[in-house]
Every structure is written in C-alpha cells, then in structure tokens.
Amino acid sequence: MEKKVSGSVINRLPRYYRHLTDLYESGTERISSKELSRRMGVTASQIRQDLNCFGGFGQQGYGYNVEALRAEIANILGLNRGYTAVLVGAGNMGRTFVTNTKFESRGFKLIGVFDNSPEVIGRRIRNFEILDYAQIGRFIKDNRPKMAILTVPKHAMKSVAEDLISMGITAFMNFSYAELEETDGIIVENVHLSDSLMRLSYKISVSEDNSKAREN
C-alpha cells in the first residue's frame, strides 16, 4: 500500500535540499539533526519525523551523510529525471525568471521561451531566442516538454493554459496572478508573490503589536 506523505512534509523538502546543498558545497561531510535544526529553524524531532517518511537515512551517533542525504532528497523530489519546460511570456517577469533561475538544479531543463509580441520576438535571453507563440504547437510536438511556466498577463492565462493542455502540457508553474485549477492529469503550482508580501505584512504587524503590549 502506497504511503501518503503530508503536504507540509513535501513543502519542507526543498528547504532541506537547499541547506544540504550549501553544506555540500562548503565541504561539510556530515551533520547531526540538532545542527541541521539550528540552521533551518525546524526542530530536530521534526527533521527525523520528516525523513522517516522516506526511510530515515541517518545513523545514531553519526548523524546524516550530507552528500548521501542530499542525493536521496534530490531523488525524492525527482530532480534527476530531467523534465523539460517551456516559458510563455517574455515580459519583465519572464525575462527575470529565465536570467536568474538555475533550472537544471531545480529538476527542469528550460528548452524554449515564447511570446506573442513583435517587440520581443527574436530577442535573446541568456542563450534563448524568444520564439513566436504561434510556433509553440510545432515546438511542443517535436520536443515534448513536460511543463510550462506561465508569466503571461492575468487575462490571458486561462486561454493560454487551455491551448497548452490541448498540445500535451501536463504541468504548470503559474505566475500570472490568477488561479489555475488542477484537473485530472494536470499538475499546477500557483505562485503568488503578493501573498508573500501580505504574510510579511502580517508578521510585521504582529511584531509591532507584541512590542507595544510589552511596553504597556
């Protein structure tokens, strides 16, 4: 019977991978759950519980082998499967995303960038020529990417997503400030930067209220 892993555990896995990558690149060979908890702000007990969902990986009295644990988490996250992706929408956000994102280390290889604006078609971002969106059907048929990254305007998101689904795209990373719903066989990660700002605003307001309460 397949074991169900909670969403909260899955959400923490990229943080584990990021911290382990920093340790690996610094030459650290092993780390205890206590030290890893200090770095991450997660209890050692929580770390052990999370990793036990996938087999544990640690040794009592030794801790975790950084390289081995990093590789195990990469495997769990599917980072070594070489999924391919296209990006649709080469405006400011799209260009920034292409320029600054290390796709391969995040489990995807970007293979094409598309837009429908004559002003940007033919320009280059990194080593990508921005292609005409009108050509994307042929490109998807020939290259069979798994995922599309959407950085299109909110009003265009739904029609673009429907086009891409009809062409064979089955996973989306959506930055378009409109919710794209998951349906059978379609996987979606909606990313709202404004939500992070509002969460930060909440944390600041709580901190200020607590400071005022202590003063009184």
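All values reported here derive from a predicted model rather than from experimental measurement.

How would you summarise the UniProt feature "domain: CoA-binding" (unreviewed entry) in the chain if you had to cite specific residues and measurements?
According to UniProt, the positions carrying the feature "domain: CoA-binding" (unreviewed entry) are residues 78–179. The straight-line gap between the two end C-alpha atoms of residues 78–179 is 25 Å; of that span, 30% is helix and 28% is strand.

Lay out the nonpolar core with the relevant residues and their values.
Counting 21 residues, the largest nonpolar core has Val-88, Ile-136, Leu-150, Leu-164 and Phe-172 as its most contacted members. Looking at this core, the elements with two or more residues in it are strand 3 (83–88), helix 6 (136–143), strand 7 (147–150) and helix 7 (154–167). Tallying contributions element by element places helix 7 first for this core, with five residues. Filtering out sequence-adjacent residues up to four positions away, Phe-172 remains in contact with Met-147, Ala-148, Leu-150, Ala-161, Leu-164, Ile-165, Leu-180, Ile-186, Ile-187, Val-188 and Glu-189.

Give me the lowdown on the pattern of salt bridges, citing residues and values where you can.
Across all of its chains, the model carries three salt bridges by this definition. Taking the shortest distance from any N to any O, the salt bridge between Glu-35 and Arg-38 comes out at 2.7 Å. With Glu-35 and Arg-38 both in helix 2 (residues 33–40), this residue pair falls three residues apart, about one helical turn. In this structure Glu-35 comes out as partly exposed when scored by relative accessible area, which is 30%. Assessed through its relative accessible area of 58%, Arg-38 is described here as exposed. Note that Arg-138 and Asp-142 form a salt bridge whose closest N and O atoms lie 3.7 Å from each other. One end of the pair, Arg-138, and the other, Asp-142, are both in helix 6, four residues apart, so they sit about a helical turn from each other. Among the residues examined, Arg-138 registers a relative accessible area of 52% and is labelled exposed. Residue classification places Asp-142 among the exposed residues on the basis of a relative accessible area of 53%.

An account of the UniProt feature "DNA-binding region" (unreviewed entry) in the chain is requested, with residue identities and associated values reported.
As annotated by UniProt and renumbered to match this structure, "DNA-binding region" (unreviewed entry) occupies residues 15–54. With 70% helix and 5% strand, residues 15–54 has end C-alpha atoms that lie 16 Å from one another.

I'd love a proper account of helix 3 (residues 44–52), names of residues and values included.
Among the residues of helix 3, Ala-44, Ile-47, Asp-50 and Leu-51 are the ones counted as buried. Burial along helix 3 is one-sided: seen end-on, the buried residues are contained in an arc of 125°. Each element contacted by the buried residues of helix 3 is listed here: helix 1 (7–25), helix 2, strand 2 (64–65) and helix 4 (66–77).

Can you break down the packing of helix 1 against helix 4 residue by residue, with the values?
Relative to each other, helix 1 and helix 4 sit at 145°, their axes nearing to 9 Å. In the packing of helix 1 onto helix 4, the handedness of the crossing is left-handed. Within the contact between the two elements, helix 1 uses Leu-13, Pro-14, Tyr-16, Tyr-17, Leu-20, Thr-21, Leu-23 and Tyr-24 and helix 4 uses Val-66, Glu-67, Leu-69, Arg-70, Ile-73, Ala-74, Ile-76 and Leu-77. Split into classes, the residues belonging to the contact of helix 1 with helix 4 amount to 13 nonpolar, one polar and two charged.

With reference to specific residues and values, describe the sheet that holds strand 8 (residues 171–174).
Strand order in this open sheet of seven strands is 5-6-4-3-7-8-9, and the pairing throughout is mixed. For this open sheet the edge positions go to strand 5 (124–125) and strand 9 (187–190), each flanked by a neighbour on one side alone. As judged from the four bridges shared by strand 7 and strand 8, these two strands associate in the parallel manner. In the strand pairing of strand 8, Leu-150 is matched with Asn-174.

Rules used throughout
- Residues numbered from 1 in each chain as written.
- Predicted model: local features only at pLDDT ≥ 70, side-chain atom pairs only at ≥ 80, totals over all residues.
- Heavy atoms only, no water.
- UniProt positions renumbered as here; feature names shortened; annotations may be inferred.
- Helix = DSSP H or I, 4+ residues; strand = E, 2+ residues; numbered from the N terminus.
- Core = buried A, V, L, I, M, F, W, Y, C linked by side-chain atoms within 4.5 Å.
- Buried < 20%, exposed > 50% of the residue type's maximum accessible area, 1.4 Å probe, protein only.
- Contact = heavy atoms within 4.5 Å.
- Salt bridge = Lys/Arg side-chain N within 4 Å of Asp/Glu carboxyl O.
- Arc of directions from axis to C-beta.
- Axes fitted to C-alpha atoms, helices over the stretch in contact; angles between N-to-C directions.
- Left-handed = near helix turned anticlockwise from the far one by under 90°.
- Nonpolar A, V, L, I, M, F, W, Y, C, P; charged D, E, K, R; others polar.
- Pairing = 2+ DSSP bridges.

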